[in-house]
Amino acid sequence: MFFKLRKLLSHYLQQMRWYVIVSAFFVYALLSWLLLVWAGETALYQWPDYLYWLVVTSSTVGYGDLSPVSDAGKYVVSLVIIPVGLSLFALILGRSAAWVSNQWFKGVKGMKDLHLDDHILVIGWNGQRTIQLLNLLLREKEHAANSPAIALCVKAEVENPMPDLVEFVRVESFNQDQDMDRACIVDASVIIIDNDYDDMTMTAALYASKRNPDSHILAYFKDESLVSLLRQHCPNVECTPSVAVEMLAKSAFDPGSSALHHDLLSVQEGQAQYSVAVPQLSKPLTVGQLFTGMKKHYDATLIALADESKKIALNPVSDRRISGGDKIYYIAERRICNPDWEAMYAE
(Lines give C-alpha, C1' and ligand atoms only; values in the text may rest on other atoms or scores of the structure.)
Protein backbone atom coordinates (compact mmCIF):
# COMPACT_ATOMS: atom_id res chain seq x y z
CA MET A 1 0.00 0.00 0.00
CA PHE A 2 2.86 2.39 0.86
CA PHE A 3 4.63 1.83 -2.49
CA LYS A 4 1.37 2.23 -4.43
CA LEU A 5 0.65 5.47 -2.59
CA ARG A 6 4.18 6.76 -3.26
CA LYS A 7 3.90 5.84 -6.94
CA LEU A 8 0.54 7.58 -7.23
CA LEU A 9 1.84 10.70 -5.46
CA SER A 10 4.97 10.77 -7.61
CA HIS A 11 2.91 10.51 -10.79
CA TYR A 12 0.58 13.28 -9.63
CA LEU A 13 3.47 15.62 -8.80
CA GLN A 14 5.12 14.98 -12.17
CA GLN A 15 1.90 15.83 -14.03
CA MET A 16 1.14 18.88 -11.90
CA ARG A 17 0.84 22.10 -13.91
CA TRP A 18 2.76 25.25 -13.03
CA TYR A 19 -0.39 27.18 -12.18
CA VAL A 20 -1.31 24.44 -9.69
CA ILE A 21 2.13 24.64 -8.07
CA VAL A 22 1.96 28.45 -7.82
CA SER A 23 -1.58 28.26 -6.39
CA ALA A 24 -0.46 25.66 -3.86
CA PHE A 25 2.41 27.91 -2.77
CA PHE A 26 0.08 30.87 -2.18
CA VAL A 27 -2.35 28.67 -0.23
CA TYR A 28 0.58 27.36 1.82
CA ALA A 29 1.85 30.91 2.49
CA LEU A 30 -1.63 32.11 3.54
CA LEU A 31 -2.26 29.09 5.77
CA SER A 32 1.17 29.46 7.41
CA TRP A 33 0.51 33.15 8.09
CA LEU A 34 -2.91 32.39 9.66
CA LEU A 35 -1.41 29.68 11.87
CA LEU A 36 1.35 32.02 13.06
CA VAL A 37 -1.25 34.69 13.85
CA TRP A 38 -3.25 32.05 15.79
CA ALA A 39 -0.09 31.03 17.68
CA GLY A 40 0.66 34.65 18.57
CA GLU A 41 4.07 34.75 16.84
CA THR A 42 4.12 38.53 16.40
CA ALA A 43 7.77 38.67 15.30
CA LEU A 44 7.13 36.18 12.47
CA TYR A 45 3.90 37.28 10.81
CA GLN A 46 4.82 40.96 10.38
CA TRP A 47 5.57 41.99 6.76
CA PRO A 48 8.23 41.80 5.21
CA ASP A 49 9.84 39.67 7.97
CA TYR A 50 7.24 36.97 7.29
CA LEU A 51 8.23 36.57 3.62
CA TYR A 52 11.93 36.45 4.50
CA TRP A 53 11.41 33.96 7.31
CA LEU A 54 9.10 31.72 5.26
CA VAL A 55 11.57 31.41 2.37
CA VAL A 56 14.52 30.80 4.69
CA THR A 57 12.60 28.21 6.68
CA SER A 58 10.88 26.32 3.83
CA SER A 59 14.18 26.06 1.95
CA THR A 60 15.85 24.70 5.14
CA VAL A 61 18.54 27.39 5.00
CA GLY A 62 17.68 28.30 8.58
CA TYR A 63 19.70 31.39 9.54
CA GLY A 64 18.12 31.34 13.02
CA ASP A 65 17.72 35.12 13.34
CA LEU A 66 13.92 34.67 13.46
CA SER A 67 12.25 31.66 15.12
CA PRO A 68 9.02 30.77 17.00
CA VAL A 69 9.01 31.39 20.77
CA SER A 70 5.65 29.94 21.87
CA ASP A 71 4.87 26.24 22.18
CA ALA A 72 1.99 26.55 19.68
CA GLY A 73 4.29 28.31 17.21
CA LYS A 74 6.90 25.58 17.52
CA TYR A 75 4.28 22.89 16.81
CA VAL A 76 3.00 24.83 13.78
CA VAL A 77 6.50 25.24 12.36
CA SER A 78 7.55 21.65 13.08
CA LEU A 79 4.42 19.88 11.82
CA VAL A 80 3.16 22.14 9.04
CA ILE A 81 5.44 24.90 7.78
CA ILE A 82 8.71 22.99 7.44
CA PRO A 83 7.36 19.66 6.02
CA VAL A 84 4.95 21.25 3.54
CA GLY A 85 7.34 24.07 2.63
CA LEU A 86 10.23 21.68 2.06
CA SER A 87 8.08 19.57 -0.28
CA LEU A 88 6.93 22.62 -2.28
CA PHE A 89 10.44 24.06 -2.42
CA ALA A 90 11.87 20.76 -3.71
CA LEU A 91 9.06 20.49 -6.25
CA ILE A 92 9.60 24.04 -7.57
CA LEU A 93 13.39 23.61 -7.69
CA GLY A 94 13.12 20.25 -9.46
CA ARG A 95 10.61 21.55 -11.98
CA SER A 96 12.76 24.64 -12.70
CA ALA A 97 15.87 22.49 -13.23
CA ALA A 98 13.92 20.14 -15.49
CA TRP A 99 12.57 23.08 -17.53
CA VAL A 100 16.06 24.58 -18.01
CA SER A 101 17.44 21.18 -18.98
CA ASN A 102 14.59 20.61 -21.42
CA GLN A 103 15.10 24.03 -23.05
CA TRP A 104 18.82 23.35 -23.47
CA PHE A 105 18.06 19.90 -24.91
CA LYS A 106 15.56 21.39 -27.37
CA GLY A 107 18.10 23.99 -28.44
CA VAL A 108 20.81 21.40 -29.07
CA LYS A 109 18.38 19.17 -30.98
CA GLY A 110 17.07 22.09 -33.03
CA MET A 111 13.51 21.80 -31.73
CA LYS A 112 13.14 25.43 -30.62
CA ASP A 113 11.89 28.29 -32.77
CA LEU A 114 14.48 30.98 -33.37
CA HIS A 115 13.86 34.67 -32.69
CA LEU A 116 16.49 36.48 -34.77
CA ASP A 117 16.74 39.52 -37.01
CA ASP A 118 19.36 40.56 -39.61
CA HIS A 119 21.17 37.27 -39.05
CA ILE A 120 23.22 34.98 -41.30
CA LEU A 121 21.23 31.83 -42.08
CA VAL A 122 23.12 28.74 -43.26
CA ILE A 123 20.80 26.19 -44.89
CA GLY A 124 22.07 22.64 -45.30
CA TRP A 125 24.54 20.23 -43.75
CA ASN A 126 27.74 18.91 -45.30
CA GLY A 127 29.56 17.60 -42.26
CA GLN A 128 33.07 18.95 -41.83
CA ARG A 129 32.64 21.45 -44.67
CA THR A 130 29.71 23.07 -42.86
CA ILE A 131 31.73 23.24 -39.63
CA GLN A 132 34.56 24.90 -41.54
CA LEU A 133 32.08 27.37 -43.03
CA LEU A 134 30.73 28.21 -39.58
CA ASN A 135 34.25 28.72 -38.24
CA LEU A 136 35.03 31.13 -41.08
CA LEU A 137 31.78 33.03 -40.51
CA LEU A 138 32.52 33.33 -36.79
CA ARG A 139 35.99 34.62 -37.57
CA GLU A 140 34.58 37.19 -40.01
CA LYS A 141 31.97 38.16 -37.43
CA GLU A 142 34.69 39.26 -35.00
CA HIS A 143 35.73 42.08 -37.35
CA ALA A 144 32.27 42.93 -38.73
CA ALA A 145 30.71 46.24 -37.77
CA ASN A 146 27.23 44.87 -36.96
CA SER A 147 28.34 41.42 -35.64
CA PRO A 148 25.26 39.49 -36.89
CA ALA A 149 24.01 36.30 -35.26
CA ILE A 150 24.64 33.04 -37.14
CA ALA A 151 22.00 30.33 -37.45
CA LEU A 152 22.26 26.83 -38.92
CA CYS A 153 19.16 25.19 -40.45
CA VAL A 154 19.39 21.47 -41.28
CA LYS A 155 17.28 18.47 -42.22
CA ALA A 156 19.85 15.89 -41.14
CA GLU A 157 19.65 14.03 -37.83
CA VAL A 158 22.46 16.00 -36.20
CA GLU A 159 22.88 18.13 -33.10
CA ASN A 160 24.14 21.69 -32.89
CA PRO A 161 27.89 21.46 -33.60
CA MET A 162 28.56 24.78 -31.82
CA PRO A 163 25.81 25.24 -29.17
CA ASP A 164 27.53 28.22 -27.52
CA LEU A 165 28.26 30.11 -30.74
CA VAL A 166 25.62 29.29 -33.36
CA GLU A 167 21.82 29.15 -33.23
CA PHE A 168 20.37 25.88 -34.51
CA VAL A 169 17.07 24.62 -35.90
CA ARG A 170 16.12 21.33 -37.53
CA VAL A 171 13.27 21.22 -40.05
CA GLU A 172 11.47 18.67 -42.20
CA SER A 173 11.67 20.70 -45.40
CA PHE A 174 13.58 23.68 -46.78
CA ASN A 175 10.59 24.94 -48.78
CA GLN A 176 7.73 24.86 -46.28
CA ASP A 177 6.65 28.12 -44.65
CA GLN A 178 5.91 26.58 -41.26
CA ASP A 179 9.36 25.00 -41.06
CA MET A 180 11.40 27.89 -42.42
CA ASP A 181 9.58 30.45 -40.29
CA ARG A 182 11.20 28.70 -37.33
CA ALA A 183 14.56 29.77 -38.78
CA CYS A 184 13.32 33.37 -39.30
CA ILE A 185 14.15 33.19 -43.01
CA VAL A 186 12.15 36.35 -43.75
CA ASP A 187 14.29 38.38 -41.31
CA ALA A 188 17.70 37.05 -42.41
CA SER A 189 20.10 39.53 -44.02
CA VAL A 190 22.29 36.80 -45.56
CA ILE A 191 21.23 33.30 -46.63
CA ILE A 192 23.87 30.69 -47.50
CA ILE A 193 22.64 27.46 -49.13
CA ASP A 194 24.95 24.43 -49.29
CA ASN A 195 23.59 20.88 -49.51
CA ASP A 196 24.81 17.45 -50.56
CA TYR A 197 22.57 17.49 -53.62
CA ASP A 198 22.29 20.32 -56.15
CA ASP A 199 18.56 19.78 -56.69
CA MET A 200 17.96 20.43 -53.00
CA THR A 201 20.11 23.56 -53.22
CA MET A 202 18.13 24.72 -56.25
CA THR A 203 14.80 24.23 -54.47
CA ALA A 204 16.00 26.00 -51.33
CA ALA A 205 17.42 28.91 -53.37
CA LEU A 206 14.16 29.41 -55.29
CA TYR A 207 12.19 29.31 -52.07
CA ALA A 208 14.55 31.71 -50.26
CA SER A 209 14.43 34.15 -53.18
CA LYS A 210 10.64 34.14 -53.02
CA ARG A 211 10.35 34.51 -49.24
CA ASN A 212 13.16 37.04 -48.76
CA PRO A 213 14.10 38.71 -52.06
CA ASP A 214 15.87 41.60 -50.30
CA SER A 215 18.41 39.37 -48.57
CA HIS A 216 21.86 38.49 -49.90
CA ILE A 217 21.44 34.88 -51.05
CA LEU A 218 24.42 32.65 -51.87
CA ALA A 219 24.10 29.13 -53.28
CA TYR A 220 26.86 26.56 -53.79
CA PHE A 221 26.58 24.15 -56.74
CA LYS A 222 28.70 21.20 -57.76
CA ASP A 223 27.21 21.26 -61.27
CA GLU A 224 27.99 24.61 -62.90
CA SER A 225 25.23 24.14 -65.51
CA LEU A 226 22.66 24.80 -62.79
CA VAL A 227 24.13 28.22 -62.07
CA SER A 228 22.87 29.79 -65.30
CA LEU A 229 19.49 28.13 -64.83
CA LEU A 230 19.03 29.61 -61.36
CA ARG A 231 20.22 33.04 -62.48
CA GLN A 232 17.50 33.10 -65.16
CA HIS A 233 14.81 32.76 -62.52
CA CYS A 234 16.54 34.47 -59.59
CA PRO A 235 19.11 37.04 -60.77
CA ASN A 236 19.51 38.29 -57.19
CA VAL A 237 21.04 34.97 -56.07
CA GLU A 238 24.84 34.84 -56.03
CA CYS A 239 25.84 31.38 -57.25
CA THR A 240 29.16 29.78 -56.35
CA PRO A 241 30.16 26.80 -58.51
CA SER A 242 32.89 24.35 -57.58
CA VAL A 243 36.28 25.61 -58.78
CA ALA A 244 38.39 22.59 -57.80
CA VAL A 245 39.03 21.50 -61.40
CA GLU A 246 39.79 25.07 -62.50
CA MET A 247 42.31 25.43 -59.70
CA LEU A 248 44.05 22.22 -60.76
CA ALA A 249 44.41 23.48 -64.33
CA LYS A 250 45.54 26.94 -63.19
CA SER A 251 48.16 25.52 -60.84
CA ALA A 252 49.54 23.32 -63.62
CA PHE A 253 50.73 26.39 -65.53
CA ASP A 254 51.05 28.81 -62.60
CA PRO A 255 52.35 26.80 -59.62
CA GLY A 256 51.04 28.04 -56.28
CA SER A 257 47.75 29.41 -57.68
CA SER A 258 45.58 27.08 -55.60
CA ALA A 259 47.44 28.01 -52.41
CA LEU A 260 47.16 31.69 -53.33
CA HIS A 261 43.38 31.51 -53.78
CA HIS A 262 43.03 29.52 -50.58
CA ASP A 263 44.91 32.18 -48.63
CA LEU A 264 42.78 34.96 -50.12
CA LEU A 265 39.59 33.19 -49.04
CA SER A 266 40.84 32.19 -45.60
CA VAL A 267 40.61 34.63 -42.69
CA GLN A 268 42.65 32.56 -40.27
CA GLU A 269 45.90 34.46 -40.78
CA GLY A 270 47.72 36.70 -43.23
CA GLN A 271 46.20 38.66 -46.10
CA ALA A 272 42.60 38.02 -47.17
CA GLN A 273 40.02 39.49 -49.54
CA TYR A 274 37.35 41.86 -48.21
CA SER A 275 34.85 44.37 -49.58
CA VAL A 276 33.27 47.66 -48.52
CA ALA A 277 30.48 49.81 -49.94
CA VAL A 278 31.31 53.33 -51.12
CA PRO A 279 29.13 56.10 -49.60
CA GLN A 280 28.12 59.31 -51.35
CA LEU A 281 31.35 61.22 -51.91
CA SER A 282 31.86 64.97 -51.59
CA LYS A 283 33.81 65.10 -54.88
CA PRO A 284 34.80 62.73 -57.70
CA LEU A 285 37.24 59.94 -56.87
CA THR A 286 39.08 57.74 -59.38
CA VAL A 287 40.30 54.18 -59.12
CA GLY A 288 43.90 55.41 -59.28
CA GLN A 289 43.38 57.77 -56.35
CA LEU A 290 41.66 55.06 -54.34
CA PHE A 291 44.36 52.51 -55.16
CA THR A 292 47.09 54.87 -53.93
CA GLY A 293 45.13 55.96 -50.85
CA MET A 294 44.25 52.41 -49.79
CA LYS A 295 47.89 51.36 -50.07
CA LYS A 296 49.23 54.44 -48.31
CA HIS A 297 46.81 54.63 -45.37
CA TYR A 298 45.79 50.98 -44.86
CA ASP A 299 48.46 48.94 -46.68
CA ALA A 300 45.60 47.41 -48.67
CA THR A 301 45.45 46.59 -52.39
CA LEU A 302 42.40 47.40 -54.51
CA ILE A 303 41.63 44.49 -56.87
CA ALA A 304 38.06 44.95 -58.15
CA LEU A 305 35.10 47.28 -58.36
CA ALA A 306 31.37 46.55 -58.62
CA ASP A 307 28.71 49.07 -59.65
CA GLU A 308 25.10 49.17 -58.48
CA SER A 309 24.17 46.44 -60.99
CA LYS A 310 26.63 44.16 -59.12
CA LYS A 311 28.77 43.75 -62.23
CA ILE A 312 32.33 43.20 -61.02
CA ALA A 313 35.33 44.61 -62.90
CA LEU A 314 38.66 43.04 -61.97
CA ASN A 315 41.68 45.34 -62.05
CA PRO A 316 39.62 48.38 -63.20
CA VAL A 317 41.32 51.11 -65.20
CA SER A 318 42.88 53.85 -63.10
CA ASP A 319 40.85 56.75 -64.55
CA ARG A 320 37.47 55.11 -63.90
CA ARG A 321 35.33 57.20 -61.56
CA ILE A 322 33.93 55.73 -58.37
CA SER A 323 30.36 56.63 -57.37
CA GLY A 324 28.34 56.30 -54.21
CA GLY A 325 26.73 52.86 -54.04
CA ASP A 326 29.67 51.11 -55.70
CA LYS A 327 31.48 48.35 -53.85
CA ILE A 328 35.24 47.92 -53.81
CA TYR A 329 37.11 44.65 -53.25
CA TYR A 330 40.54 44.73 -51.69
CA ILE A 331 43.26 42.58 -50.11
CA ALA A 332 44.32 43.46 -46.58
CA GLU A 333 45.44 41.92 -43.32
CA ARG A 334 42.11 42.73 -41.69
CA ARG A 335 38.73 44.22 -42.62
CA ILE A 336 38.55 48.01 -42.93
CA CYS A 337 35.11 48.83 -41.52
CA ASN A 338 35.08 52.64 -41.83
CA PRO A 339 37.66 53.92 -44.34
CA ASP A 340 38.55 57.60 -44.27
CA TRP A 341 37.37 58.45 -47.80
CA GLU A 342 38.61 62.03 -47.62
CA ALA A 343 42.13 60.69 -47.13
CA MET A 344 41.92 58.81 -50.44
CA TYR A 345 42.26 61.89 -52.64
CA ALA A 346 45.74 62.38 -54.06
CA GLU A 347 47.62 65.26 -52.50
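Residues numbered from 1 in each chain as written. Predicted model: local features only at pLDDT ≥ 70, side-chain atom pairs only at ≥ 80, totals over all residues. Heavy atoms only, no water.

The protein chain carries the name Potassium channel protein in an unreviewed UniProt entry, which gives Lacimicrobium alkaliphilum as its organism.

### Details of helix α6 (residues 128-143)
Note that an α-helix has 3.6 residues per turn; residues three or four places apart therefore point the same way. Selection criterion: Helix and strand labels come from DSSP, where a helix needs a run of H or I of at least four residues and a strand needs a run of E of at least two; each type is numbered from the N terminus. Under the convention used throughout, the expected extent of a helix is 1.5 Å for every residue step, that is, one less than its residue count. Each residue gets one of three labels from its accessible area relative to the maximum for its type: buried under 20%, exposed over 50%, partly exposed in between, using a 1.4 Å probe on protein chains only. Starting at the helix axis, one direction is taken to each C-beta atom, and the arc is that of these directions.
Compared with an ideal rise of 1.5 Å per residue, which puts 16 residues at 22 Å, α6 spans 24 Å between its outermost C-alpha atoms and is within 8% of the ideal. Buried residues of α6: T130, L134, L137 and L138, and no others. Within α6, the buried residues cover an arc of 100 degrees as seen down the axis, which keeps them to one side. Those residues of α6 that are exposed and aimed more than 90 degrees away from the buried face are Q128 and E142.

### Here's the deal with the environment of L133
Our working definition: Whether two residues are in contact is decided by their heavy atoms: any pair within 4.5 Å suffices.
On the secondary structure map, L133 appears in helix α6. What makes L133 partly exposed here is its relative accessible area of 22%. Through-space distance from the C-alpha of L133 to that of D194 is 9.9 Å; in sequence the pair is 61 residues apart. Aside from chain neighbours lying at most four places away, what touches L133 is V122 and I192.

### A word on the pattern of salt bridges
In plain terms, the rule: The salt bridge definition used is simple: a Lys or Arg side-chain nitrogen within 4 Å of an Asp or Glu carboxyl oxygen.
Scanning the model with the defined rule gives six salt bridges in all. Taking the shortest distance from any N to any O, the salt bridge between D194 and R129 comes out at 2.6 Å. With D194 in the loop between β4 (190-193) and α8 (198-211) and R129 in helix α6, the pair connects residues that are 65 residues apart, well separated along the chain. A salt bridge links D177 to R211; its shortest N-O distance comes to 3.1 Å.

### Let's talk about the side chain of S209
Within the secondary structure layout, S209 lies in helix α8. Leaving out residues up to four positions away in the same chain, S209 has contacts with I217, C234, N236 and V237.

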